[in-house]
Amino acid sequence: WEFNGSFSQPSAFLMMGIPGLEALHHWISIPFCALYLTALLGNCLILFIIKKTQSLHEPMYYFLSMLAVTDLGLVLCTLPTTLGIFWFNMRRIGFDACLTQMYFIHILSFIESSVLLAMAFDRFIAISHPLRHPSILTKTTVIKIGLAILLRGTVSLLPIPFLLKRLTYCGKTELSHSFCFHPDIMNLACTDIKVNVFYGMIILLSTVGTDFIFIVLSYILIIKTVIGLATKEECLKAFNTCVSHICAVLVFFIPMISLSMIHRFGKNVSPLVNTLVAYTYLIIPPALNPIIYSIKSSHIREALLRALQKK
């Protein structure tokens, strides 16, 4: 396909499985299926327990419900194309379908980042102002926060598909992953992509970057409050309510930051490393979050045990 200087878009892209291990895709699909099944069942179970247990109808668990819904969305976005490659070697994805998948993956990632920030704010209020917590984070306030998070993610990323459609693509159509990712698509273009790079960086820093900074600041304030508590038992109890959230933050942000750095600066990084970090970013958090909260939250464990006893 020779580029003749005219505007052109490929009819489809070719997705990549795990480079160098194509012959083992059927076997590799087994742990992926286990992770997807864990994510689907775990997050559905969290939502079911929170809905059915009246004592869990409070801000912390409302935000946990938002996190579970977001994780389900991420799983459902990547599952068809990932397992399609591993099981049937279905590498082809239409141009518009790829942009749609990319848009929802990035929206859900940004929403998860914002929900983690809201959960950090909830923990700060609960520890620093326990008596005012119910009056500050009312059900109406939580709903407004949820709608603001959704609107922020949707609007901030709305130009991305149109910025990609305006580019000229010539020749190379092979993506680096089994899903569509903005930097991956952008780098296939053979025209100037400075606008895409600049806008992508600005949006990433103003959303996920800002969320991460405020999460860190929230925990600095939480630590200052906890240190001022009278007894060691009170300190440990306060910290214990934050352990699950800290684990969820680390599980989400470390792979996400690593993948962003690889796409922007890791030109000499092995494709295998790039692929494994991408899968870690999109599959591991949805699978681990329900496990983390089920292990660390006594309220969820007790509600789960009651539900199993009824069955």
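Thresholds, definitions, all that
Residues numbered from 1 in each chain as written. Predicted model: local features only at pLDDT ≥ 70, side-chain atom pairs only at ≥ 80, totals over all residues. Heavy atoms only, no water. UniProt positions renumbered as here; feature names shortened; annotations may be inferred. Helix = DSSP H or I, 4+ residues; strand = E, 2+ residues; numbered from the N terminus. Expected span 1.5 Å × (residues − 1). Buried < 20%, exposed > 50% of the residue type's maximum accessible area, 1.4 Å probe, protein only. Salt bridge = Lys/Arg side-chain N within 4 Å of Asp/Glu carboxyl O. Polar contact = N/O pair within 3.5 Å; in protein donor to acceptor, adjacent residues only side chain to side chain. Contact = heavy atoms within 4.5 Å. Axes fitted to C-alpha atoms, helices over the stretch in contact; angles between N-to-C directions. Parallel < 35°, antiparallel > 145°, perpendicular 65-115°, else oblique. Left-handed = near helix turned anticlockwise from the far one by under 90°. Nonpolar A, V, L, I, M, F, W, Y, C, P; charged D, E, K, R; others polar. Disulfide = S-S within 2.5 Å. Patch = residues over 30% accessible without salt bridge, like charges linked within 9 Å, V, L, I, M, F, W, Y side chains within 5 Å. Areas by Shrake-Rupley, 256 points an atom, 1.4 Å probe, with all protein chains shown as cover.

### Focus on the UniProt feature "transmembrane region" (unreviewed entry) in the chain
Here's step 1: In the numbering adopted here, UniProt assigns the feature "transmembrane region" (unreviewed entry) to residues 24–50, 62–88, 100–121, 142–164, 197–222, 243–264 and 276–295.
Here's step 2: Taken end to end, residues 24–50 is 96% helix and 0% strand, and its first and last C-alpha atoms sit 40 Å apart.
Here's step 3: Secondary structure within residues 142–164 divides into 91% helix and 0% strand; the distance between the first and last C-alpha atoms comes to 35 Å.

### Details of helix H3 (residues 95–128)
Here's step 1: Over its 34 residues, H3 extends 50 Å from the first C-alpha to the last, a length consistent with the 50 Å expected when each residue adds 1.5 Å.
Here's step 2: Within H3, 28 of the 34 residues are buried, leaving the element largely enclosed by the surrounding structure.

### A short note on the pattern of salt bridges
Here's step 1: Evaluation of the coordinates by the stated rule reveals four salt bridges.
Here's step 2: The salt bridge involving Glu174 is made with Arg91; its shortest N-O contact spans 2.5 Å. Taken together, the residues Glu174 in the loop between helix H6 (159–165) and helix H7 (182–186) and Arg91 in the loop between helix H2 (59–88) and strand S2 (92–94) connect sequence positions 83 residues apart.
Here's step 3: A relative accessible area of 34% means that Glu174 is categorised as partly exposed.
Here's step 4: For Arg91, a relative accessible area of 24% translates into the label partly exposed.
Here's step 5: When the shortest N-O distance is used, the salt bridge between Arg123 and Asp122 registers 3.0 Å.
Here's step 6: Arg123 sits in the buried class, given a relative accessible area of 9%.

### Some words on the side chain of His245
Here's step 1: One can find His245 in helix H10 (residues 243–265).
Here's step 2: In this structure His245 comes out as buried when scored by relative accessible area, which is 2%.
Here's step 3: Among the polar contacts made by the side chain of His245, one reaches the side chain of Tyr219 at a distance of 2.6 Å.
Here's step 4: If near-sequence neighbours (up to four positions away) are discounted, His245 is found in contact with Leu116, Met119, Ala120, Ile215, Tyr219 and Tyr293.

### Describing the packing of H2 against H3
Here's step 1: H3 packs onto H2 with a crossing angle of 160 degrees between their chain directions and a minimal axis gap of 9 Å. Between H2 and H3, the angle falls in the class roughly antiparallel. Crossing of H2 against H3: the hand is left-handed.
Here's step 2: Within the contact of H2 with H3, the residues separate by chemical class into 16 nonpolar, six polar and four charged.

### Things to note about the state of the cysteines
Here's step 1: According to the stated counting rule, one finds two disulfides in the structure shown.
Here's step 2: One disulfide in the model links Cys98 with Cys180; its S-S distance is 1.9 Å. Between Cys98 and Cys180 the sulfur-sulfur dihedral comes to about -120 degrees; the bridge is accordingly left-handed. Here Cys180 lies in the loop between H6 and H7 and Cys98 lies in helix H3, a separation of 82 residues in the sequence.
Here's step 3: We classify Cys98 as buried; its relative accessible area is 0%.
Here's step 4: Residue classification places Cys180 among the buried residues on the basis of a relative accessible area of 0%.
Here's step 5: The partner cysteine of Cys170 in its disulfide is Cys190, sulfur to sulfur 1.9 Å. Of the two residues, Cys170 is situated in the loop between H6 and H7 and Cys190 in the loop between H7 and helix H8 (194–227); the sequence distance between them amounts to 20 residues.
Here's step 6: The exposure class assigned to Cys190 is partly exposed, which follows from its relative accessible area of 32%.
Here's step 7: Disulfide connectivity for the chain, with bonded cysteines indexed by sequence position, reads 1-3, 2-4.

### Observations regarding the environment of Gly209
Here's step 1: Relative to the helices and strands, Gly209 resides in helix H8.
Here's step 2: By relative accessible area, Gly209 is classed as partly exposed at 23%.
Here's step 3: Separated by 44 residues in the primary sequence, Gly209 and Phe253 place their C-alpha atoms 9.7 Å from one another.

### Considering a nonpolar patch on the surface
Here's step 1: There is a patch of nonpolar side chains on the surface, built from Phe212, Ile213, Phe214, Val216, Leu217, Ile220, Ile257, Met261 and Phe265 and spanning about 830 Å² of accessible area.
Here's step 2: Among the secondary structure elements, those contributing two or more residues to the nonpolar patch are H8 and H10.
Here's step 3: A per-element tally of the nonpolar patch places H8 first, with six residues.
Here's step 4: As for its position among the elements, Phe214 is in helix H8.
Here's step 5: Phe214 sits in the partly exposed class, given a relative accessible area of 44%.

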